[in-house]
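Letter by letter, the chains look like this.
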Amino acid sequence: MSEQTRWTRRPEYATWGDFGPDDQLGRLNLLTPEKVREGVAEVKTGRTFCLSLPLDLPGGTAMNPRRPPPRLNATRRGEHPNMTYPLSRDDARLTDIICDDSVTLALQYSTQWDSLAHMGQWFDVRGDGTPEMVFYNGYRAGVDIIGERDFRPGCGCGCGQGGHQGAKRLGIENMARHGVQGRAVMIDIKKHFGIRRFAFGYAQLQQILAADNIVIRPGDMVCFRTGMDEAIFAMGGAPDADYLAHHFAGLDGGDPALRQWVAECGVVALIADNPAVEILPARPLHQDFYPSHPLHDLCLFRLGVYLGELWHLSELADWLCAHQRHAFLLTAPPLRLPGAVGSPVTPVATV
């Protein structure tokens, strides 16, 4: 289905069609070889920082009951677990001891990327007064992103679709295939505002940019340090959901000035050490119908801007502050897992 048949009307701020009629990358198109060289130019010492939490953190399901922690298991060698398995059991001449395992993992449990297929909206893409369930660039639920049940109008409470098929378009593999490496910038909210909970808007952003002399360029990836990653580490796999819910900033997805800035500045990704980048619950954008996640709506659905959540940013942020720097080389490929709508990631910052 071409752009012309997928949509004739696009949302406000949208980049739909700007990168081609069948684009599945969004603003990742701005992460060019030139931007990679800009990122490399930020490397002065060669020191690296791992920006991932351990994949078993936050721990439990207190922060999201739909996402269980990873579960490691041995693969099987017949009836035996294939872990510390001596091959001498099979052939007395062999000296090898084999370890081989598998994992059951919610792909967005810990440090993660959201793909453009992670969140769509009801939107009247044909301009005929009938909203449809669509995603970035007009790709459709039930056609391009297919779950076990079809919840589109006319299917009642959700008719079966023959099992989970995933994202036929906009899946995380597109991000992986393109590559995610370039210039990134740190916005240290904790340094300027502490760990109090508040909706971080355009005014606070401009305050930090001016105070720290930060320049954000088109094609950059922007990281927001709130300090939540340090709290999660300190809780040791038993997160205090109430404490986390009453501390730490999140971006104000309903701030018109911040939304305008995200639309105009050309950033490729917004990244934070909290679980949604934006503060939730969010204030409604409109009186009657509105997205529960207004920043997700703006970024994933309209602009094709990627969201990175639950990243480990504090160690890097403290180092950058101590050295009066803010930019670095970020290398952060997701899993090349066709059809997935999100992915764990082990990002590396090089300074």
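Reading the values: the criteria
- Residues numbered from 1 in each chain as written.
- Predicted model: local features only at pLDDT ≥ 70, side-chain atom pairs only at ≥ 80, totals over all residues.
- Heavy atoms only, no water.
- Helix = DSSP H or I, 4+ residues; strand = E, 2+ residues; numbered from the N terminus.
- Buried < 20%, exposed > 50% of the residue type's maximum accessible area, 1.4 Å probe, protein only.
- Contact = heavy atoms within 4.5 Å.
- Polar contact = N/O pair within 3.5 Å; in protein donor to acceptor, adjacent residues only side chain to side chain.
- Pairing = 2+ DSSP bridges.

Looking at this model, I keep getting lost on the environment of Arg 9. Mind explaining?
Mapped onto the elements of the fold, Arg 9 is located in the loop between helix H1 (3-6) and helix H2 (33-41). On the accessibility criterion, Arg 9 (39% relative accessible area) is partly exposed. A C-alpha to C-alpha distance of 27 Å links Arg 9 and Leu 31, two positions 22 residues apart in sequence. Each residue touching Arg 9, except ones within four places of it in the same chain, is listed here: Trp 16, Phe 123, Asp 124, Val 125 and Gly 127. Among the polar contacts made by the side chain of Arg 9, one reaches the main-chain carbonyl oxygen of Asp 124 at a distance of 2.9 Å.

Would you mind going over the environment of Cys 321 with me for this structure?
With respect to the helices and strands, Cys 321 occurs in helix H10 (residues 314-322). The exposure class assigned to Cys 321 is partly exposed, which follows from its relative accessible area of 35%. Through-space distance from the C-alpha of Cys 321 to that of Val 267 is 22 Å; in sequence the pair is 54 residues apart.

In this structure, what is going on with the pairing of strand S17 (residues 221-225)? I would like to understand it.
Two faces, one strand: in a regular strand the side chains alternate between the faces of the sheet. Most of S17 is tucked away: five of the five residues are buried. Burial along S17 is two-sided: Met 221, Cys 223 and Arg 225 and Val 222 and Phe 224, pointing in opposite directions, are all buried. Direction of pairing for strand S15 (residues 181-188) relative to S17: parallel, over a ladder of five bridges. Bridge assignment links Val 185 to a residue of S17, and that residue is Val 222.

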